[in-house]
Amino acid sequence: MKIANKIFLISCLSLGIAYAIPPSGMAGAGRYGYTGGYNQGYGQSAQQPSLRNVSSEIFLYDIGLGLSYYRYAEPGVMHISGPMFNLFASLGYVRDLFRFQMDLTYDTHVGANAYDGGIQDGHGNVTPYKTKSTDWYISGATKFGLTLFDKKEMFFVYTGLGYRFLRNHLEDKPGIKASYYRYQGYLYLPIGMSGEIPVNPQLSLISALEYRILLFGHNTSTLTDVGYNKDVFFKQSIGYGGRLSMGIRYYILPTYSIKINAYWDFWSIDASDIVSATSADGIVGNFVEPKNHTNVFGLTLGFSF
């Protein structure tokens, strides 16, 4: 089993135990009610029901921004790394024990991403090459699952469907024409859980785990930009990814809060099929999207209402 899978299994077990056992002094009834809306009911007595009314429904909204360090690597071939800026938004709907959620994130370079790899000629010779890289990606996911409310504590277990699209382009150095666009898309199945454990009426600990199974991956390299007879399209079918986040949530008002999260987001994708293309001087080349790994470490600031 790969190391990332082991980390996720251990984390899932630990997180499940943490949410199953309430913090000291918080077992049973308390003062953190979810009766008429998200985190409403501060100051309720211990005799009031601990669970929200089964006929209630709640809408959850999250928006925010963040900074991250991005690294994409094709082992033995090249890597791209640098700081990224991101924006995110989320809409959730809760009714009874069920929750539906839609997430959207956008990440973009800030002008400092660097490519470290090489240029390959039609005969297979590689010359070391370094330059700047312009990268951005957008991710969207729908999630559906069971959510449990016990006063202020919340536990959400879900699956769904997600898609991530990335665009990459290198900057040509003076006198060199070697760059082309790369478009990369992953359709995936997310399986995850998230939760909140209150520390006091204003502060909670929050965390989330998500494992992603690649359903279909596709890549396009616009080799016509560098003199080949066609652009090449690759398919990738084996891979996985995930996300681990931990942070704090501070309630400004009963229905408004600020969230600070640190996270690790990763992908590991196997090599694609092989595709041929012919250069301007008639040399036929065989191309492949190599096995690759993506790791993103970041910090986000969010606002919930």
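Before reading on, note that the structure itself is shown above.
Let me sum up the structure you'll find in this document. (Residues numbered from 1 in each chain as written. Predicted model: local features only at pLDDT ≥ 70, side-chain atom pairs only at ≥ 80, totals over all residues. Heavy atoms only, no water.)

**Section: the overall build of the protein chain**
Quick note on the threshold: Comment: elements are numbered from the N terminus, with helices defined as DSSP H or I runs of at least four residues and strands as E runs of at least two. Under the scheme applied here, a residue whose accessible area is under 20% of the maximum for its type counts as buried, over 50% as exposed, and between as partly exposed, the area being computed with a 1.4 Å probe on protein chains only. Note on contacts: a residue pair is in contact if any heavy atoms of the two residues lie within 4.5 Å. What sets the accessible areas is the Shrake-Rupley method with a 1.4 Å probe; for residues, cover comes only from the shown protein chains.
If you tally the helices and strands in the protein chain, you get one helix and 14 strands. When each of the 305 residues of the protein chain is scored for burial, the buried share is 43%. Sequence separation of 24 or more characterises 67% of the internal contacts of the protein chain that already satisfy a separation of 6 or more. Carbon and sulfur atoms form 66% of the exposed surface of the protein chain, whose accessible area is close to 15,200 Å².

**Notes on the packing of aromatic side chains**
We apply this condition: Aromatic pairing here means that ring centres of Phe, Tyr or Trp (its six-membered ring) are within 6.5 Å. Orientation follows from the plane angle: under 30 degrees is stacked, over 60 is edge-to-face, and everything else is tilted. Cation placement over rings: the criterion is NZ of Lys or CZ of Arg within 6 Å of the ring centroid and within 35° of the ring normal.
Following the criterion strictly, the structure yields 19 aromatic pairs and no others. Measuring from centroid to centroid gives 4.7 Å for W264 and F266, while their planes differ by 25°, and the two rings are stacked. This pair shows no difference in class: W264 is buried, exactly as F266 is. Taken together through their ring pairs, the aromatic side chains of Y106, W136, F165, Y181 and Y183 make up a single cluster. Sitting over the face of the ring of Y137, R164 holds its NZ or CZ atom 4.4 Å from the ring centroid. Above the ring of Y263, the side-chain terminus of R243 is found at 4.0 Å from the ring centroid.

**Brief notes about the environment of M102**
Relative to the elements of secondary structure, M102 occurs in strand β3 (residues 98-109). Overall, M102 belongs to the partly exposed group, its relative accessible area being 38%. With 59 residues separating them along the chain, M102 and L161 place their C-alpha atoms 10.0 Å apart. Leaving out residues up to four positions away in the same chain, M102 has contacts with A89, S90, L91, A141 and T142.

**Quick look at the nonpolar core**
Within soluble globular proteins, side chains that are nonpolar tend to cluster in buried spots. Which entries qualify depends on this criterion: By nonpolar core is meant a set of buried Ala, Val, Leu, Ile, Met, Phe, Trp, Tyr and Cys residues that side-chain atoms within 4.5 Å join together.
Within the largest apolar cluster, twelve residues are counted, these being Y70, Y72, M78, I80, M84, Y115, Y129, Y137, L166, L170, Y263 and V296. Of all the elements in the fold, those that place two or more residues in this core are β1 (57-74), β2 (78-95), β5 (126-150) and β6 (153-170). In terms of residue count, β2 provides more of this core than any other element does, three residues in total. In contact with Y129, not counting residues within four places along its chain, are Y115, D116, G117, G118, I119, E171, D172, K173 and I176.

**Brief notes about the pattern of salt bridges**
Note the cut-off: Take a side-chain nitrogen of Lys or Arg and a carboxyl oxygen of Asp or Glu: if they are within 4 Å of each other, that pair is a salt bridge.
This structure, assessed with the given rule, holds twelve salt bridges. With a shortest N-O distance of 3.7 Å, R182 and E74 are connected by a salt bridge. Taken together, the residues span a long stretch of sequence, with R182 in strand β7 (residues 181-198) and E74 in strand β1 at a distance of 108 residues. Residue R182 is classed as buried on the basis of its relative accessible area of 10%. Judged by its relative accessible area of 5%, E74 is buried. A salt bridge links R212 to E210; its shortest N-O distance comes to 2.7 Å. The exposure classification of R212 matches that of E210, with both residues buried. A cluster of three or more residues bridged by salt bridges with shared partners is formed by D103, K143, E210, R212, R243 and D265.

**Description of the side chain of Q101**
We apply this condition: The definition of a polar contact used here is a pair of N or O atoms within 3.5 Å, where within protein one atom must be able to donate a hydrogen and the other to accept one, and adjacent residues in sequence count solely through side-chain atom pairs.
Among the structural elements, Q101 can be located in strand β3. On the basis of relative accessible area, Q101 is assigned to the buried category, the value being 9%. One polar contact links Q101 to R99, side chain to side chain, over a distance of 2.5 Å. When residues no more than four places from it in sequence are discounted, the contact partners of Q101 are S90, L91, G92, A141, T142, K143 and F156.

**A closer look at unusual backbone geometry**
Even without glycine at this site, D96 takes up a positive phi of about 55°. Summarising the element assignment, D96 is placed in the loop between β2 and β3. Residue D96 is classed as partly exposed on the basis of its relative accessible area, which comes to 31%.

**What to know about the side chain of E210**
Along the polypeptide, E210 turns up in strand β8 (residues 203-221). Under the relative-accessibility criterion, E210 is labelled buried at 6%.

**Details of the pairing of β8**
Under the convention used in this document: A pair of strands is treated as paired once DSSP finds two or more bridges between them.
With 17 bridges joining them, β7 and β8 adopt antiparallel strand pairing. Residue pairing across strands places M193 opposite L209, the latter belonging to β8. Of the pairings in the sheet, the one linking β8 to strand β10 (residues 239-253) comprises eleven bridges and is antiparallel in character. Following the sheet pairing, L205 is matched in β10 by I248. Where β8 meets strand β9 (residues 232-236), five bridges bridge the pair, whose relative direction is antiparallel. Along β9, the bridge assignment pairs H218 with K235.

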